[in-house]
Amino acid sequence: MKVPLSWLHEYTRPDMDALALAERLAMTGTEVERVLRHGVAALDGFVVGRVLAAEQHPNADRLRVCRVDVGGEAPVQIVCGAPNVAAGQTVAVAQPGAVMPDGTRLREAKLRGEPSEGMILSERELELSAEHDGIMVLADELMPGQPLAEALTIADDVLELEITPNRPDCLAIYGVAREVHAATGAPLAPPPWTHDPGSMGPLAGVEIAVETDRCARFTARVFEDVTIGPSPAWLKARLMAAGQRPISNVVDITNYVMLLTGHPLHAFDLDRVEGGRLVVRQARAGETIDTLDGTTRELDPDTTIICDAQGPTSIAGVMGGARSEVHPGTTRVLLESATWDGPSIQRTSTRLGLRSEASARFEKGLAPEQALEAQAVATRLLIDLAGARVAPGTSDVAGPAGRWWERPPQPIRLRDLRVDGLLGTPVDRERSAAILTALGFATADADDGLDVVVPHFRRADVTREADLIEEVARIDGVDNLPATLPARRDAVGRLTESQRLRRRASDTLAGAGLHEILGWSWSPPELADRLRLGADDPRRRMIRVENPMSADQGLLRTMLVGSLLDVARRNVTRGIADVAIFEAGAVYPVARGTDPREPPPREPRHLGVLLTGAARPATWREPQPPAADFFAAKGVLELLLETLRVGWRVEAATEPFLHPGRSAAVLVREGAGDDARETRVGWLGELHPAIAADWELDRVAAFELDLDAVIAAAPGAVRYEDYTSFPEVRQDLAVVVPDDIAAGEVVRVVREAGGPLLASAEVFDVYRGEQLGEGTVSLALRLAFRSPERTLTDEDVSARRAKIEAALAQLGGSLRA
Amino acid sequence: MIDRIEELRAAGAAEVAAATSSEALEQARVRHLGRRAELPNLLRGVAELPPEQRGAVGRAANVARKALETLIERRGGELAASELDAQLARDRVDVTLPGAPALPAGGLHLLTQTQREIEDVFIGMGFNVAEGPEVEHIHYNFDALNHDAAHPARLRSDTFYVADEVVLRTHTSPMQVRAMEQQPPPIFIIVPGRVYRRDSDATHTPQFHQIEGLAVDVDITLADLRGTLLQFARAIFGDERQVRLRPHFFPFTEPSVEVDVSCFNCTDGLLADGSRCPLCKGTSWIEILGAGMVDPNVFGYVREYGYDPERIQGFAFGMGVERIAFLKHGVSDLRLFYDNDLRFLRQF
Ligand SMILES: [Zn+2]
């Protein structure tokens, strides 16, 4: 909302400059986006002139050489290109040195050989209107040499306000004036609709019918003998400063009244209203209308329209129809001022792509009382500026809900205790009353506070005690409150166990040299195909965004590996060859049997790791470190899961996007003893080379886990195990097994056979060689035996070892000496 | 005989003193005290001497041998020390070469770091951390937060829709209602998380992070909000900071305020060189968040869970993590946060 200060000053004039006023408004709840200067920056050099003579330029057909009295000792010569310049005119002159609104400084010049000491101005050159057909002709009473600012508003400060959606009353000059009055204490002039030159009572010749509850009130007045023409300069200047293009007097008046009162109007050419009858109703499917922007628009039953005998002639509150538009020959005007249902206006304007100043006001919900306020101001201006004669009477029709706004309003009790209790500081009751009165509320004393009646223009916004407290608080400065802290009572702030472990997981990965990334939550539609997910892979079931900003944001991700690959690719193409990254974030799976149009029952937090390039940074000692491979990723996985104290293992398993020989499922163990069970929580592997190549990457190793499931398997408070009372017996064991038996399986068999006395068994060497023979592998294991109850004897250990050896033999293994 | 012993001792002593390496010393030892050396053999031959000579010769030979042994040991110590010094000098490294890293330096994303920093401040003030869904029903995202049917945030131009009544949450505020459904007052929570709006330029990304705050009890006041946010601002931006509350409008708080923190980049809006501060645009205040007292209508949606708006009251606030990170670290283009260039990530 642009508020020219000169216009505001007609209703209230606080004793402060534009910047101070802006600051005061900001601190009372009206945000000022900026303070603009409209028109010229400085008034110097702009004077009234009188054209003494205007003669043809000797060298240019389109130019005249004028002698102009600008109040000096002798007239000056000005070359002018306007076709309408003539001797005897009183004109606006910019003299050399004047700075034009676009910032250029005027100089003495020669035009086609003739010297010119200044410029005779058009309205557009002063930003007074868009008119540039000719120079501006001023009233003859003005004296040559008089400062132009005395005749015209050629410079104005304009406040550009950001009005919050609850305050449509401030989408009006007078509404802002009321706000300024309350915020500064400057007196407020009576509203511009105080004296209505029109009359109420029946209106002859026009019939109105309201058939829809989307219209609370429809008022109409008729004006005869209207002369369509340009608006006067002052009105055009105000519209320009407020950001509206002047068109012609009747249209300009409707815009001017809207800006002043906050209530939009629509003017019909009454001679083009067929049948003299207007019906307000919902459109029928298939109906069309030609709107005044020259487009044919299809209507639907959600659209409210105004019809005459020939059908739709206006889209209520949004845009008029071409058929009944006011035109240069119009002499009879029907002026509509109606109250529409906000949400339906918003839907219609959005659907038709027709958001206008009018619809922006209607959609916030205006009060029915405002309809006649706007009629009153418009009536005065049509009489004064368009030579109109107002027909007696006003058509004033209520919608199906009746004239509910005429019922006496219920006061709201504003309790002193509640004001103090909510703000945390005492507020004087009389001060509250004074603030509310300045804002247009009526107050009366009550036992424990005030009884407050809300004015119609705040009816939608202020309905409860809390709303009144806000009014008091914002004017007296929420900024003057003390700074206190809540009594915390039972509140103890801490992270939950799972939040702590999630932080730990990220910290561990960062400590292992990985960088955390934050990817987008969405997934491009082609990702599932690029990862070769099977047709019934559950990760293909993704939530679809109905209105994404671009196609590649059309789905919500069900895995993190896509964004990890994208980030890796981006870095590698930018010349950063070694990438070790992770992401911890939600995915949005659609569980089988659930409706993808409902929020998913669970948004699991995943943790994804991706390594490509060197496994370690190259150093002067190791200029060519090995490439990150399966085991590099598995090392990171081990570090992570061991840090979280989660029991886990991997087993060979494939994923469609992984190297078939270098991929595994990750399983974690939940619970202990007989209740223990294993859950598959993710995958680990090298990307399939073809898929890595699709991202322009070489070898990529990665894993992705359901972090929530991993953390659910974490043990909580760990119990101490005695390791000091009895010594541990360590032994090594080497076994040759067929190549297709996984090391993990060997360890599992050893552990099982070793029983509770076997405290640990780990592979510390793997050997393949000719001596062993084709298809076999030698594994060296380190065994540790320990009892919490006694020192183990040689017999204890050899008995367990015998069982282990027997079990290995059963597996097809043979012991090496 | 005695004279001979003295000669042998003197010769041995001279050779030991002249030895400049452990090997030379060992050679001297072998020559003078080894199996074939004269002095030990002389000592062994004492028994064959006439008895009256035995005592004096034996003593003298023994003394001479001990003296030589002592000299050798001492000289050996000296030589070992100087040889070690020489060895260490040869082992010298260029200490300015880069270390062989135990592990390369990794790091958390700047937004995670910022989020944790903010979380920790509020945890210290007694708040817990609550988390909620990102794909959210409009009941929680708009309706129960008192957004009227025509609120522009509901428009498809502003908000991502998954279905007619399901959106990608546009703020972390829906968790206010969810948390109150789960727990009676008093409640002190912050809600960090991802949120989504249809906006994309240097100062907006369609996905970003917010931290919501909610404190509800029987007597929480707007002054308490001010005090809490003052503590927060000082913890994050420095002890000298002030906060300023400006009235504003949000559907789910009443009264509503926007909160500014005094600029930490300038003095009264001017930099040291007299130019206008770009951070606060010369106003000396920087907007950091929106806040207010929880609207009674919001409590109305959770009244059955112990939130009678006549009996309880509280404050709520919401801030953008990207904005705090931008202010603290000068990241001028928010899109950098999601570009994930390692040259960016490694800086923090
Ligand atoms: Zn500053």
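Values in this document were obtained by computation on a predicted structure and should not be read as measured data.

Peer 1: Which residues make up the overall build of chain A, and what values go with them?
Peer 2: What chain A contains, in helices and strands, is 19 helices and 39 strands. Relative to the 2.2 N^0.38 estimate, which gives 28 Å for 817 residues, the radius of gyration of chain A is 41 Å and therefore markedly larger than a compact globule would have. Along the first, second and third principal axes, the C-alpha set of chain A runs to 130 × 80 × 60 Å. Scored against the burial criterion, the 817 residues of chain A give a buried share of 52%. Within chain A, contacts between residues at least 6 apart in sequence are counted, and of these 69% link residues at least 24 apart. Summing over all exposed atoms, chain A offers an accessible surface of approximately 36,800 Å²; the carbon and sulfur share of this is 49%. The averaged location of the 121 negative side-chain charges in chain A is 4 Å from the averaged location of its 90 positive side-chain charges.

Peer 1: Tell me about the packing of helix H5 (residues 110–124) of chain B against helix H8 (residues 222–237) of chain B, residues and numbers included.
Peer 2: Residue and element names in this part refer to chain B. Relative orientation of the contacting elements H5 and H8 amounts to 135 degrees, with a least axis distance of 10 Å. Judged on the interaxial angle alone, H8 and H5 are oblique. Note on packing geometry: the crossing formed by H5 with H8 is right-handed. Only Thr 228, Phe 232, Ala 235 and Ile 236 of H8 make contact with H5, whose side of the interface consists of Glu 117, Ile 118, Val 121 and Phe 122. Of the residues belonging to the contact of H5 with H8, the class tally is 6 nonpolar, 1 polar and 1 charged.

Peer 1: So what about the coordination of the zinc ion? Which residues, and what values?
Peer 2: Six octahedral donors around a metal ideally subtend angles of 90 or 180 degrees, whereas four tetrahedral donors ideally subtend 109.5 degrees. Residue and element names in this part refer to chain B. Of the protein atoms, only Cys 263 (SG), Cys 266 (SG), Cys 277 (SG) and Cys 280 (SG) coordinate the zinc ion, at distances of 2.2 to 2.3 Å. One can describe the site at the zinc ion as tetrahedral: its 4 donor atoms subtend angles covering 105 to 115 degrees at the metal. Overall, the relative accessible area of 17% leaves Cys 266 in the buried class. Judged by relative accessible area, which is 0%, Cys 277 ranks as buried.

Peer 1: Can you lay out the domain arrangement of chain A for me, pointing to particular residues and giving the numbers?
Peer 2: Domain annotation of chain A identifies domain 1 (2–40 + 157–184), domain 2 (46–153), domain 3 (207–401), domain 4 (412–476), domain 5 (497–712) and domain 6 (729–815). Domain 1 of chain A and domain 6 of chain A are separated by 85 Å when their C-alpha centres are compared.

Peer 1: An account of the packing of aromatic side chains is requested, with residue identities and associated values reported.
Peer 2: Taken as a whole and assessed by the stated rule, the structure comprises 22 aromatic pairs over all chains. Judged by centre distance (5.3 Å) and plane angle (20 degrees), the ring pair of Phe 122 of chain B and Phe 232 of chain B falls under stacked. Within this pair, whereas Phe 122 of chain B is found in helix H5, its partner Phe 232 of chain B is found in helix H8, the two being separated by 110 residues in sequence. Judged on exposure class, the residue Phe 122 of chain B and its partner Phe 232 of chain B are both buried. The interplanar angle of 10 degrees and the centroid separation of 6.1 Å between the aromatic rings of Phe 299 of chain B and Tyr 307 of chain B together place this pair among those described as stacked. There is no split in this pair, since Phe 299 of chain B and Tyr 307 of chain B are both buried. Grouped by ring-pair contacts, the aromatic residues Phe 122, Phe 127, Phe 188, Phe 232, Phe 315 and Phe 317 of chain B constitute a single cluster. In this structure, Arg 782 of chain A is placed above the aromatic ring of Phe 764 of chain A, and the distance from its NZ or CZ to the ring centre is 4.2 Å. A cation over a ring is seen here: Arg 156 of chain B above Tyr 161 of chain B, with NZ or CZ 4.4 Å from the ring centre.

Peer 1: Can you explain the sheet that holds strand E2 (residues 31–39) of chain A? Please cite residues and give values.
Peer 2: All names here are of chain A. The strand order across the open sheet built from 3 strands is E1-E11-E2, with neighbouring strands paired in antiparallel fashion. Each having just a single partner strand, strand E1 (2–4) and E2 make up the two edges of the open sheet. The sheet shows a mean angle of 25 degrees between the axes of neighbouring strands, direction not considered. Sheet analysis places E2 next to strand E11 (residues 155–162), joined by 8 bridges and oriented antiparallel. When the bridges of E11 are listed, His 38 appears paired with Asp 156. Contacting E1, E2 and E11, helix H4 (residues 233–241) runs over the sheet at an angle of about 140 degrees to E1.

Peer 1: Let's hear about the domain arrangement of chain B: which residues, and what values?
Peer 2: Under the domain assignment, chain B is made up of domain 1 (2–90) and domain 2 (110–345). Relative to domain 2 of chain B, the C-alpha centre of domain 1 of chain B lies at a distance of 89 Å.

Peer 1: Tell me about helix H8 (residues 369–386) of chain A, residues and numbers included.
Peer 2: Residue and element names in this part refer to chain A. For H8, built from 18 residues, the straight-helix expectation of 26 Å at 1.5 Å per residue is met to within 8% by its first-to-last C-alpha distance of 26 Å. Most of H8 sits out of view: 14 of its 18 residues are buried. One or two positions beyond H8, positive phi appears at Gly 387, with a value near 65 degrees.

Peer 1: A description of the pairing of strand E36 (residues 729–738) of chain A should follow, citing residues and the corresponding values.
Peer 2: All names here are of chain A. Where E36 lies against strand E38 (residues 776–785), 10 bridges are found, and the strand directions are antiparallel. Residue Val 729 lies in a different strand from E38, and its bridge partner there is Phe 785. In this sheet, strand E39 (residues 814–815) lies alongside E36 in antiparallel orientation, the contact comprising 2 bridges. Residue pairing in the sheet places Val 736 in a bridge with Ser 814 of E39.

Peer 1: Account for the sheet that holds strand E30 (residues 579–586) of chain A, with residues named and values stated.
Peer 2: All names here are of chain A. Spatially, 7 strands are ordered E27-E30-E31-E35-E34-E33-E32 in an open sheet, and the strand pairing comes out mixed. Sheet topology places strand E27 (515–516) and strand E32 (647–652) at the edges, where each strand pairs with a single neighbour. Judged from the 2 bridges that link them, E27 and E30 form a sheet pairing that is parallel. Bridging from a neighbouring strand, His 515 pairs with Ile 581 of E30. Sheet contacts for helix H14 (residues 561–573): E30, strand E31 (605–612), strand E34 (677–687) and strand E35 (700–706); angle to E30, the most-contacted strand, approximately 150 degrees.

Peer 1: Tell me what's going on with the nonpolar core, and back it up with residues and numbers.
Peer 2: By size, the foremost hydrophobic cluster in this structure holds 108 residues, and its most contacted members are Leu 531 of chain A together with Phe 232 and Phe 317 of chain B. Broken down by element, this core gets its largest block of residues, 8 residues, from H8 of chain B. Excluding its chain neighbours within four sequence positions, the residues that come into contact with Phe 317 of chain B are Phe 122, Ile 190, Ile 211, Glu 212, Gly 213, Leu 225, Leu 229, Leu 289, Gly 290 and Ala 291 of chain B. The next biggest cluster of nonpolar side chains, apart from the first, holds 48 residues, and it includes Val 250, Leu 335, Ala 376 and Ala 386 of chain A.

Rules used throughout
Residues numbered from 1 in each chain as written. Chains lettered and ligands numbered in written order. Predicted model: local features only at pLDDT ≥ 70, side-chain atom pairs only at ≥ 80, totals over all residues. Heavy atoms only, no water. Helix = DSSP H or I, 4+ residues; strand = E, 2+ residues; numbered from the N terminus. Rg over C-alpha atoms; globule rule 2.2 N^0.38 Å. Buried < 20%, exposed > 50% of the residue type's maximum accessible area, 1.4 Å probe, protein only. Contact = heavy atoms within 4.5 Å. Areas by Shrake-Rupley, 256 points an atom, 1.4 Å probe, with all protein chains shown as cover. Lys, Arg positive; Asp, Glu negative; His and termini not counted. Charge placed at Lys NZ, Arg CZ, Asp CG, Glu CD. Axes fitted to C-alpha atoms, helices over the stretch in contact; angles between N-to-C directions. Parallel < 35°, antiparallel > 145°, perpendicular 65-115°, else oblique. Left-handed = near helix turned anticlockwise from the far one by under 90°. Nonpolar A, V, L, I, M, F, W, Y, C, P; charged D, E, K, R; others polar. Donors = N, O, S within 2.8 Å, 3.2 Å for Na, K, Ca; no water. Tetrahedral: all angles 85-135°; square planar, octahedral: opposite > 155°, others 65-115°. Domains from an automatic or database assignment. Phe/Tyr/Trp six-rings, centres within 6.5 Å; stacked < 30°, edge-to-face > 60°. Lys NZ or Arg CZ within 6 Å of the ring centre and 35° of its normal. Pairing = 2+ DSSP bridges. Expected span 1.5 Å × (residues − 1). Core = buried A, V, L, I, M, F, W, Y, C linked by side-chain atoms within 4.5 Å.

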